[in-house]
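Remarks on the overall topology
Listed below are the residues making up each chain.
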Amino acid sequence: MAKTENQLAFSLLSLYSKEYQDKYGRSCSINKFRDKWAMIDLIDSVGYDRAKELIAYYFKTTSSNRHSLQWFMYNFDRLDDMLMKTEADRIRQEKIRKATREMVEGSSEH
């Protein structure tokens, strides 16, 4: 089990590093042996799949600290809350668009 947990943590660190490289055109400084513990805690808190979503979302946001890993680890819960609200808003807007579309299509039949 611990080996799998370590592999997942290293996978998240690799994803973070790739996102950073894509965003800034240079590699970031990661202490894999120290930071894996933070990633394991992240996985324990939100799960592996959600952790991947949070990392991707983090790099879509603006950042005054060049998307530091330390900031991410201290604030992932806030990011998770923001992402949930964004997803809920997207679903709400889609329902409104669908209802509007149905009303327009329904009124054009008369």
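Let me begin by describing the structure that accompanies this report. Since we're looking at a predicted model, the values are computed, not measured. (Residues numbered from 1 in each chain as written. Predicted model: local features only at pLDDT ≥ 70, side-chain atom pairs only at ≥ 80, totals over all residues. Heavy atoms only, no water.)

It is worth spelling out the packing of aromatic side chains at this point. For the structure on display, the rule yields eight aromatic pairs. For the pair Tyr20 and Phe59, a centre-to-centre distance of 6.4 Å together with 90° between the ring planes defines the contact as edge-to-face. Of this pair, Tyr20 sits in helix 1 (residues 2–24) while Phe59 sits in the loop between helix 3 (48–58) and helix 4 (69–108), and the two are 39 residues apart along the sequence. Neither Tyr20 nor Phe59 differs from the other in exposure class; each is buried. Ring pairing ties together the aromatic residues Tyr16, Tyr20, Tyr24, Tyr58, Phe59, Trp71 and Phe72, which thus form one cluster. (Phe/Tyr/Trp six-rings, centres within 6.5 Å; stacked < 30°, edge-to-face > 60°. Helix = DSSP H or I, 4+ residues; strand = E, 2+ residues; numbered from the N terminus. Buried < 20%, exposed > 50% of the residue type's maximum accessible area, 1.4 Å probe, protein only.)

All right, on to the environment of Ser68 then. By secondary structure assignment, the location of Ser68 is in the loop between helix 3 and helix 4. For Ser68, a relative accessible area of 24% corresponds to the partly exposed category. Here the alpha-carbon distance between Ser68 and Ile30, two residues 38 residues apart in the chain, equals 9.9 Å. The contacts of Ser68, once residues within four sequence positions are left out, are Tyr16 and Tyr58. Polar contacts involving the side chain of Ser68 include one to the main-chain amide nitrogen of Trp71, which spans 2.9 Å. (Contact = heavy atoms within 4.5 Å. Polar contact = N/O pair within 3.5 Å; in protein donor to acceptor, adjacent residues only side chain to side chain.)

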